[in-house]
Amino acid sequence: MWMSVPVILTLLQALAVLGRRVVVNWDVGYVDIDRDGYGSRRAIGVNGVLPIPPVRVTVGDTLALTVHNSLNLTTSIHAHGLFQKGTNYMDGAASITQCGIPPGSQFTYEYVVQQAGTFWLHGHDHYQNADGLRTPLVVYDRGSPPVKYDEDILLSFEDWYTETFTERVRITLDPSLPFPPPHGIGFGLINGINGNITKPIHFQPGRAYRLRLINMSSTRWFQFSLPGHAMRVVEIDGMYTESLDVDGVDIAPAQRYSVLVTAHSTNSFNYHFNATMYASFIPVEPGLSPRIFIGDIIYQQGAPFIQAGSYDDSFIWARDIDLHALDQEPALPVDRSLELVIGISLYSTGQHLVYFNNITYAPPITPTLYTAL
């Protein structure tokens, strides 16, 4: 059948818009690993590996993630930040939008990825994300992104502890022990390994880099900066933003930023980056809380390092409240307001618990999913 050139071009363009089917197979199971230098402990990995390799797709792709459960408990996987419009049954919140995957069984999460940006995949059952079941999910734009850069660099941050998270919860809620418990300081991981020995970032003079920063921690914040370099925020939590020039970003658990950094025009010097792990509810203890991790930015092997100065009052931290969406869509009209008072208090049980309007959380006797049915 003969077709004209315009028709052929139209068909080719249509095919280009259609995404791939990206197949990922995970066997979720236990691994014994030393991630922080404090000894081996049982953790949760995928296909016998920890850290879990990042998943990378493009807008319009169909992600087919098959999860086989080799644990002795149910499991589920949540794609943090994806809206799941029309596919909330693939959201992965156990007992909320799906039943947990039983031991020895498997389930395939399959959906079209409709958002570009920086996200992450993690376990959403039995605190499993805090024991290692977490990894970045990067969604590239189909076509040219609204920001220009030469190279992507991914940096994920994690808190890590000598105990499993279930044991940490037990210790934290034990009224006979001090609060916060001594074990609670934790250690920091960068790209899945000990933050003290993380691999360097490599810059080439004059190139523009998009640094995707993901805090996959369970309870800790990370402050990130590159002294001697200007940073420009262009994305937060999967949304492109109007550019904001900053000196550093303060990343809450589960939060993601993209910052643009233009390398210096010469490779005469190398630099350092700083990643500080902290939490406001953990008392200051020199060398332990906060924990400061310093990595290398290499322009040229053997070049001298420029030593970073300390933070002062002129240092500008990114605040999400100062950011504006790039699409400039107007806010939705408000016809109702709710006031929530959030805090933490000591209760008659001897436990320190977080509350909303003086109401603490208690797991429902009947799972929400069953109530909805």
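Scroll up to find the structure this text is about.
Since the structure is predicted, the reported quantities are computational estimates derived from the model, not experimental observations.

Trainee: In this structure, what is going on with the pattern of salt bridges? I would like to understand it.
Mentor: A side chain of one charge can pair with a side chain of the opposite charge if their charged atoms are brought near each other. A full pass over the atoms with the stated rule returns 14 salt bridges. Where Glu 158 meets Arg 35, a salt bridge forms, and the shortest distance between an N and an O atom there is 3.5 Å. Separated by 123 residues along the polypeptide, Glu 158 in strand E9 (residues 151-160) and Arg 35 in the loop between strand E1 (21-33) and strand E2 (41-46) bring together distant segments of the chain. Residue class for Arg 35 comes out buried when judged on its relative accessible area of 5%. The closest approach of N and O atoms between Asp 152 and Arg 212, which form a salt bridge, is 2.3 Å. Residue Asp 152 is found in strand E9, and its partner Arg 212 is found in strand E13 (residues 208-215); the two are separated by 60 residues along the sequence. Since its relative accessible area comes to 22%, Asp 152 is described here as partly exposed. Judged by relative accessible area, which is 1%, Arg 212 ranks as buried. One connected set of salt bridges, linked through shared partners, spans Arg 35, Arg 134, Glu 158 and Asp 159.

Trainee: Hey, could you run me through empty space enclosed by the protein in this one?
Mentor: Gaps between atoms show up when a probe of the same size as a water molecule is rolled over them. Tallying each qualifying case throughout the model produces one cavity of 30 Å³ or more. If you add up the space inside the largest cavity, you get close to 40 Å³. Looking at the largest cavity, the residues that line it are Ile 185, Gly 186, Arg 220, Met 277, Tyr 278, Ala 279, Ile 282, Leu 288, Ser 289 and Arg 291.

Trainee: Would you mind showing me how to read the sheet that holds strand E10 (residues 187-190) here?
Mentor: The strands that make up a sheet are held in pairs by hydrogen bonds between backbone atoms, and each pair lies either parallel or antiparallel. If you walk across this open sheet you meet the seven strands as E11-E10-E9-E13-E18-E15-E16, and the pairing is mixed. A single partner strand is all that each edge strand has here, and the edge strands are strand E11 (193-194) and strand E16 (239-246). For strand E15 (residues 231-236) and E16, the ladder comprises five bridges, and the chain directions are antiparallel. What sits directly across from Ile 236, in E16, is Met 239.

Trainee: Help me out: how do you make sense of the layout of surface pockets in this one?
Mentor: Volume-wise, the largest pocket comes out at about 1700 Å³. What lines the largest pocket is a set of 47 residues, and nearest its centre among them are Tyr 127, Phe 165, Val 169, Leu 173 and Thr 219. Looking at the lining of the largest pocket, the elements that each hand over two or more residues are E2, strand E7 (117-123), helix H2 (165-173), strand E23 (352-356) and strand E24 (359-360). Sorting elements by how many residues they give to the lining of the largest pocket places H2 first, with six residues.

Trainee: Please clarify how the environment of Asn 215 should be interpreted in this entry.
Mentor: Locating Asn 215 in the fold gives a position in strand E13. It is 18 Å that separates the C-alpha atoms of Asn 215 and Gly 45, two residues lying 170 residues apart in sequence. A polar contact is formed between the side chain of Asn 215 and the backbone oxygen of Arg 220, at a distance of 2.9 Å.

Here is what the cut-offs are and how they apply
- Residues numbered from 1 in each chain as written.
- Predicted model: local features only at pLDDT ≥ 70, side-chain atom pairs only at ≥ 80, totals over all residues.
- Heavy atoms only, no water.
- Salt bridge = Lys/Arg side-chain N within 4 Å of Asp/Glu carboxyl O.
- Helix = DSSP H or I, 4+ residues; strand = E, 2+ residues; numbered from the N terminus.
- Buried < 20%, exposed > 50% of the residue type's maximum accessible area, 1.4 Å probe, protein only.
- 1 Å grid on protein atoms, 1.4 Å probe; cavity = no way out; pocket = protein on both sides within 12 Å on 5 of 7 lines; lining within 4 Å.
- Points joined across faces, edges and corners; volume = space filled by probe spheres on them.
- Pairing = 2+ DSSP bridges.
- Polar contact = N/O pair within 3.5 Å; in protein donor to acceptor, adjacent residues only side chain to side chain.

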